[in-house]
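Structural overview for review
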Amino acid sequence: MAVPSPIDLTSTNVQRSRRLRNHLATSFVYGSVLVAAIPLGFVLFYVAKKGAGVVDLAFLTKDIPIVTRLPGPGMGPAIAGTLLITLAATLMAVPLGILAAVYVTEYGQGSRLAGAIRFLSDVMAGVPSIVMGLFIYTIWVLRFGQSAFAGALALGALMLPIVIRSTESMLRLVPNALREGSAALGASRSRMIMTVVLPAALPGITSGSLLAVARAAGETAPLLFTIGAARAVNPNLFEGSNAALSTQIFVNAQQPFVGAQNRAWGAALTLIVIVLLLTIVARMVSRRFTLR
Amino acid sequence: MTATPTLDLEPAGPPPAGFGLDGKRRRVADGAFRLAALASGLSVLAILLLIAVSTSQKALPALRQEGIGYVTGSRWAPNIDVFGALAFVSGTMIVSAIALALAVPVSFGIALFLSEFAPRRLRHITIYVIDMLAAVPSVVFGLWGLIVLAPWIVKIYDWIADKVDPVPVLNILFGKPVNGRSFFTAGIILALMITPIITSLTREVFDTVPPGQKEAAWALGATRWEMVRGAILPHSRTGMIGAVMLGLGRAMGETIAAALVIGSSARLTLHLFSSGDAMAAVIANQFGESGGLHRSALVAMGVVLFAMTIVVNMVARAIAGKTPSAAPVRGRR
């Protein structure tokens, strides 16, 4: 500390222009955080303010009114639909994605096929969500009609690459010593994966999958042409049109009537709460069991 | 630890008694599991192929009728079966360009803040804010943009239009607005949505800068900004470009928020405050009431959009070298 320096480089002596430039850069950097945080604050504020006046028990449970012009509750079918569709999508995409990631990291290590699968899952992650909707429309809806399942297929296809990528990076964090230990005990490869590798990576896989679920729950575009527009709760996954919060927000926001717009705000608050709960749970899972 | 020898996991002899499965059944189970994993991996390939084939097939009638005119023609008149999507292609590019122009500096700033400038506590709060920004569904941004932002920001557009009226080029770009729903409003909303992506990817890149280089800059007496310019930015340039390209890919494909605030009018213009339309938004807004060739033309729009985003994403990956999201490799390899 006390070594005398031939040139004094303490900050007071740094030339004025350099200091000025440093200050400018610092304020730019702090400013950009504000620029991002302020609109977010406004969005959350308006959703909370306008939504809170609308959301009550009747709003959460009643059917969607047929006359959009009138004010009054009902988003029950959309809440049920969002939960049903997202659950079905999760049940399809998460196991498939985890298995695919297992192939890439545990079996394919460095092979050309595994590289190709990784590359393609990147490509798939870049497919616009509306294109996923068109895709399911052309291969499923045209034949079997609109249903919650069609929506789930579209959301599942969106989730799949996210699950693959996050699971893959978690599997890579599992120390090789665990694999070697398991092999030394004579376990077969599938047994090693099921009893050692996957449990070790489970928290990370869970949180990554939950983030994918949260993302899917908020998606609108893939559902527009796949689930139709039901006004009553439809618990049947495979038949009949269904409803979702996101599509209801989209439709109601475009109405010139205050009643409809208020329902959109209420649906937005409900949807944000669902998505944030999923996100927070995911963060808690990953924080509590961070693999080191 | 650099090269891990591949393990021969086949057991030499029969498994010890009490292990559960005898040798043969065990091998069958093992093979079945491997096959299931392989099939899951291949499902990605299958889905992508299905996307390409099924949508192209449905798009064919419209593309066959219009030929190259589909992307070069600027007249979109579904009632007389004329489909030129140029206005929408240009709209997508304009909105994406606005979104990038707004989001890129901010994202780089936040990424720098998180990796170099932030005190510990502010850092955690900022990460939280970015996570929230990423978590808000796009339709909620659209709702806010449509009902709150657009009616308010039109006054600012008016003011800017008045100010730049005498300036030659600017008065074409920033003319009188009709209402708040415009290319620019859509660009603002999309900028909000791509900021978290660009920020987190850029931050990953910044975090790979060798500490020695930063320390060397400090040791030379650099200010913090000089350290950033001298050590961090040169090392991160390609990664930053890759992050921007991935943000661009996302902006081009983003549908719902744009569909709500862009104003939905098919016009070929550079007037940023006027209402317009973009490819994804057109599909979302017109598909429900379309039929026949119109529907085919909208699927074709999806195909073109798909192709555009694939090109952008591939260029991004190629520039970034390897895929950024898989970068943190600690335990293995």
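Just so you know, these numbers come straight off a predicted model, no measurement behind them. Counting from 1, residues in each chain are numbered in the order their sequence is written. Labels follow written order: the first chain is A, the first ligand is 1, and so on. With the structure being a predicted model, the display of local features is reserved for residues of pLDDT at least 70 and the display and counting of side-chain atom pairs for 80 or more, all residues being used for whole-chain, interface and lining totals.

Right, let's talk about the interface of chain B and chain A for a bit. With 83 residues of chain B at the interface, the matching set in chain A holds 80 residues. Helix and strand definitions follow DSSP, with helices as H or I runs of at least four residues and strands as E runs of at least two, each counted in order from the N terminus. Here the side of chain B that touches chain A takes 20 residues from helix H1 (residues 23-66) of chain B, the largest share from any one element. For the side of chain B that touches chain A, the per-class residue count stands at 51 nonpolar, 22 polar and 10 charged. What counts as a contact is two residues whose backbone-derived C-beta atoms lie within 7 Å of each other. Classes in brief: Ala, Val, Leu, Ile, Met, Phe, Trp, Tyr, Cys and Pro nonpolar; Asp, Glu, Lys and Arg charged; the others, Gly included, polar.

Below, the discussion takes up the nonpolar core. Put simply, a nonpolar core is a cluster of buried Ala, Val, Leu, Ile, Met, Phe, Trp, Tyr and Cys residues tied together by C-beta atoms within 7 Å. Any residue whose C-beta has 12 or fewer other C-beta atoms within 10 Å is treated as exposed, any with 20 or more as buried, and any in between as partly exposed, C-beta atoms being built from the backbone. Residues Ile 249 and Ala 268 of chain A together with Val 140, Leu 190 and Ala 258 of chain B are the most contacted members of the largest nonpolar core, which totals 198 residues. No other element matches the 18 residues that helix H3 (residues 86-117) of chain B contributes to this core.

All names here are of chain B. For helices, the fitted line uses only the C-alpha atoms of the stretch in contact; every axis is such a line through C-alpha atoms, and the angle between N-to-C directions lies from 0 to 180 degrees. Their axes nearest at 8 Å, the elements helix H4 (residues 120-135) and helix H7 (residues 183-206) cross at an angle of 130 degrees. It follows that H4 is oblique to H7 by the angle criterion. Considering the relative orientation of H4 and H7, their crossing is left-handed. Contacts between H4 and H7 involve Ile 130, Leu 133 and Ala 134 from the first element and Leu 192, Thr 195, Pro 196, Thr 199 and Ser 200 from the second. Oblique is the label for any angle not under 35 degrees, not over 145, and not in the 65 to 115 range, which are roughly parallel, roughly antiparallel and roughly perpendicular in turn. By definition, any crossing whose near helix is turned counterclockwise from its far helix by less than a right angle is left-handed, and any crossing with a clockwise turn is right-handed.

Within the secondary structure layout, Val 33 of chain A lies in helix H1 (residues 16-52). Overall, Val 33 of chain A belongs to the buried group, with 23 C-beta atoms counted inside 10 Å. It is 43 Å that separates the C-alpha atoms of Val 33 of chain A and Arg 179 of chain A, two residues lying 146 residues apart in sequence. Not counting residues within four places of it along the chain, the set of residues in contact with Val 33 of chain A comprises Ile 110, Phe 113 and Thr 126 of chain B.

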